[in-house]
Amino acid sequence: MDLAKLQALTPNFSWERFFHEVGFPEISTVDVGQPDFLAEVNRELASVPLDDWKTYLRWHLVDDAAPSLSSKFVQENFEFKGRTLQGTKEILPRWKRCVAATDRQLGFALGKIYVEQYFPPEAKARADQMVHNLIAALHDDLSTLPWMGPETRKAALAKLDAFTPKIGYPDKWRDYSAFKVDRGPYVLNALRGDQFEFNRDLKKIGKPVDRTEWGMTPPTVNAYYNAEKNEIVFPAGILQPPFFNAQADDALNYGGIGAVIGHEMTHGFDDEGRKFDAQGNLKNWWTPEDLKNFNQRAACVEKQFDGYVVEGDIHENGKLVLGESIADLGGLTIAYKAFEKSLEGKSRPGSIDGFTPEQRLFLSWARVWAANDRPEFERLMVNLNPHALDRFRAIAAPSNMPAFAKAFDCKHGDAMVRPDDQTCEIW
Ligand SMILES: [Zn+2]
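Residues numbered from 1 in each chain as written. Predicted model: local features only at pLDDT ≥ 70, side-chain atom pairs only at ≥ 80, totals over all residues. Heavy atoms only, no water.

### Side note on helix H12 (residues 318–343)
Item 1. Taking 1.5 Å of rise per residue, 26 residues should cover 38 Å, and H12 covers 36 Å from first to last C-alpha, within 8% of that figure.
Item 2. Taking the largest bend as the criterion, H12 deviates by roughly 40 degrees, centred on Glu-324.
Item 3. Burial within H12 is extensive, with 20 of its 26 residues counted as buried.
Item 4. Remark: Gly-345 follows H12 within two positions and exhibits a positive phi of approximately 75 degrees. (Helix = DSSP H or I, 4+ residues; strand = E, 2+ residues; numbered from the N terminus. Expected span 1.5 Å × (residues − 1). Bend = angle between axes of the 7 residues up to and from the residue. Buried < 20%, exposed > 50% of the residue type's maximum accessible area, 1.4 Å probe, protein only.)

Quick look at the structure:
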């Protein structure tokens, strides 16, 4: 919307003045994702008393700033958000909170030091190789999938070829010189950090998309697929045990980071990814027939997760965790295929610690999800988190895979073998 249209949507709020106050008077168009929201805010600006607005905004300011204020605020914030909501018994030690805050606000400065110390070139080279092998395995898979039509298959392969993998850390480091950190009050440093990010984002308006930018800092133990850039991103933080170990055997790495790489890649081809083309533009490239086939197979996964009981009458919400659970199943399947492919033409590796390579691959997958959650935390997560609880992620994908049953000599009727008519397969 141009400014005139936006202003017509919210006559009670002056956008011109707002953009001027925040230092960006030149903003002339805005992508309004939720027009209904703004219409409602406009209505309430007139109907809710000014004093209530002041209370509401003050409360938000204090609530947001609480973790950076004096210890009474910090403690009270923890009492509710940590203890009551999540069942956490004690607040993290101060040094861990400081490291997390530094990563949040100066993550690419911290990350530069982090990768120098903990992410050697050998690790990057081996991770590069794994991503390459996983892409090759997904290429084979997309070429032979029974449910995808020929046109869509062609587009899928073109999209895979256009993937940008980012591994470890960005090519260029962020310039923080506009962020003033001093020895004054901590909360003011934190607020200036927020301001710095706000300004950095708004300065992008009207400029070409920076495809080199990263959405996670290098020390982050996580990964992502970004549909708008058609990229898969693996920060150095996740390229360490239990996900990845440059010194370990391939089986261990394929079951860990290999499955994570596969997980992120399949997001490019699922019910979200289908809405974006190879360049990251919002453009559906599936036929109605492909979507029907996909949804039919997805329903199997939804049912599987609805069946996982968390506690009492609380169970996983299959609809909520569907996309991520499909990615887990696809990721582990593709990682397994990539591992088998990597063994072709070589002499078979022997057992280690009494486990075959295939067994080690699946054990590595399970170990990635070894966690210990409080019941309060689990109750919160099943309502909010599009990922299933770790204890279900550990067992869900392998129990659908004939390769798992084969690796551990499981029979029909065993706990980790789903009945034939309930076995889910998508990728
Ligand atoms: Zn995911």
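### Describing the state of the cysteines
Item 1. Inspection of the entire model under this criterion finds 1 disulfide.
Item 2. In this structure Cys-410 is a free cysteine whose sulfur lies 17 Å from that of Cys-424, the closest cysteine sulfur available.
Item 3. Under the relative-accessibility criterion, Cys-410 is labelled partly exposed at 25%. (Disulfide = S-S within 2.5 Å.)

### Brief notes about the coordination of the zinc ion
Item 1. Here the zinc ion is held by His-263 (NE2), His-267 (NE2) and Glu-324 (OE), and the distances to it run 1.9 to 2.1 Å.
Item 2. One chain supplies every donor to the zinc ion, and in sequence these donors are spaced H-x3-H-x56-E. Here the residue His-267 occupies a position in the loop between helix H10 (250–266) and helix H11 (288–306), and Glu-324 occupies one in helix H12, the gap between them amounting to 57 residues. (Donors = N, O, S within 2.8 Å, 3.2 Å for Na, K, Ca; no water.)

### Structural notes on the sheet that holds strand E1 (residues 164–168)
Item 1. Reading across from one edge, E1-E3-E2 is the order of the 3 strands in this open sheet, with mixed pairing throughout. The two strands at the open ends of the sheet, each matched to only one other strand, are E1 and strand E2 (224–226). Adjacent strand axes in the sheet meet at a mean angle of 15 degrees when their direction is disregarded.
Item 2. In the sheet, E2 pairs with strand E3 (residues 231–235) via 3 bridges, with the strands oriented antiparallel. Residue pairing for E3: Tyr-225 is matched across the bridge by Ile-232. (Pairing = 2+ DSSP bridges. Axes fitted to C-alpha atoms, helices over the stretch in contact; angles between N-to-C directions.)

### Observations regarding the pattern of salt bridges
Item 1. Applying the stated criterion across every chain, the model contains 24 salt bridges.
Item 2. For the salt bridge of Asp-63 with Lys-81, the shortest nitrogen-to-oxygen distance reads 2.9 Å. Of the two residues, Asp-63 sits in helix H4 (residues 50–65) while Lys-81 sits in helix H5 (residues 71–86), which places them 18 residues apart along the sequence.
Item 3. Here Lys-81 falls in the partly exposed class, since its relative accessible area comes to 32%.
Item 4. For Arg-360, the salt bridge is made with Asp-249, and the minimal N-O distance between the two is 2.7 Å. You can see Arg-360 sitting in helix H13 (residues 357–368) and its partner Asp-249 sitting in the loop between E3 and H10, a full 111 residues away along the chain.
Item 5. One continuous salt-bridge network, built from bridges that share partners, spans Arg-174, Glu-197, Arg-200, Asp-201, Lys-204 and Glu-213. (Salt bridge = Lys/Arg side-chain N within 4 Å of Asp/Glu carboxyl O.)

### Description of the pairing of E3
Item 1. The element E3 is extensively covered by neighbouring structure, given that 5 of its 5 residues are classed as buried.
Item 2. With burial as the criterion, each face of E3 is covered, one bearing Glu-231, Val-233 and Pro-235 and the other bearing Ile-232 and Phe-234.
Item 3. Between E2 and E3, which follow one another and run antiparallel, lie 4 residues, and Asn-230 among them has a positive phi close to 50 degrees.

### Overview of the packing of aromatic side chains
Item 1. By the definition in use, this model includes 28 aromatic pairs.
Item 2. With centroids separated by 5.8 Å and ring planes inclined at 35 degrees, the aromatic side chains of Trp-15 and Phe-19 adopt a geometry described as tilted. One end of the pair is Trp-15 and the other is Phe-19, both in helix H2 (residues 15–21) and 4 residues apart, which spans about a single turn. The same class applies to Trp-15 and to Phe-19, which are both buried.
Item 3. Judged by centre distance (5.6 Å) and plane angle (50 degrees), the ring pair of Tyr-254 and Phe-339 falls under tilted. In this pair, Tyr-254 sits in helix H10 while Phe-339 sits in helix H12, placing the two residues 85 residues apart along the sequence. (Phe/Tyr/Trp six-rings, centres within 6.5 Å; stacked < 30°, edge-to-face > 60°.)

### Concerning empty space enclosed by the protein
Item 1. As enumerated under the stated definition, the model contains 1 cavity of 30 Å³ or more in all.
Item 2. In this structure, the largest cavity encloses a volume near 40 Å³.
Item 3. In terms of lining, the largest cavity is formed by Val-301, Gln-304, Phe-305, Ser-325, Asp-328, Leu-329, Arg-393, Ala-396, Ala-397 and Asn-400.
Item 4. Counting only elements with at least two residues in the lining of the largest cavity, the list comes to H11, H12 and helix H15 (390–396).
Item 5. The class makeup of the residues in the lining of the largest cavity is 5 nonpolar, 3 polar and 2 charged. (1 Å grid on protein atoms, 1.4 Å probe; cavity = no way out; pocket = protein on both sides within 12 Å on 5 of 7 lines; lining within 4 Å. Points joined across faces, edges and corners; volume = space filled by probe spheres on them. Nonpolar A, V, L, I, M, F, W, Y, C, P; charged D, E, K, R; others polar.)

### Structural notes on H4
Item 1. Helix length check: H4, at 16 residues, gives a terminal C-alpha distance of 23 Å against a target of 22 Å (1.5 Å per residue), a fit within 8%.
Item 2. Along H4, the residues that are buried comprise Trp-53, Asp-63 and Ala-65.
Item 3. Summarising the contacts, the buried residues of H4 are in contact with helix H3 (35–47), H5 and helix H9 (186–202). (Contact = heavy atoms within 4.5 Å.)

### Quick word on the nonpolar core
Item 1. Counting 80 residues, the largest nonpolar core has Leu-142 and Trp-427 as its most contacted members.
Item 2. Among the elements that line this core, the one with the most residues is H12, at 11 residues.
Item 3. Excluding residues within four positions of it along the chain, Leu-142 makes contact with Met-148, Arg-153, Ala-156, Leu-157, Leu-160, Phe-269 and Trp-427. (Core = buried A, V, L, I, M, F, W, Y, C linked by side-chain atoms within 4.5 Å.)

### Observations concerning the layout of surface pockets
Item 1. Counted as a void, the second largest pocket has a volume near 680 Å³.
Item 2. In this structure, the second largest pocket is lined by 25 residues; those nearest its centre are Arg-174, Arg-200, Lys-204, Asp-210 and Glu-213.
Item 3. Broken down by element, the lining of the second largest pocket gets its largest block of residues, 5 residues, from H9.
Item 4. Of the residues in the lining of the second largest pocket, the class split is 9 nonpolar, 4 polar and 12 charged.

### Description of the side chain of Thr-333
Item 1. You can see Thr-333 is positioned in helix H12.
Item 2. Thr-333 sits in the buried class, given a relative accessible area of 13%.
Item 3. In terms of polar contacts, Thr-333 uses its side chain to reach the backbone carbonyl oxygen of Leu-329, at 2.6 Å.
Item 4. In this view, Thr-333 contacts Met-401 and Trp-427; residues no more than four positions away in its chain are not counted. (Polar contact = N/O pair within 3.5 Å; in protein donor to acceptor, adjacent residues only side chain to side chain.)

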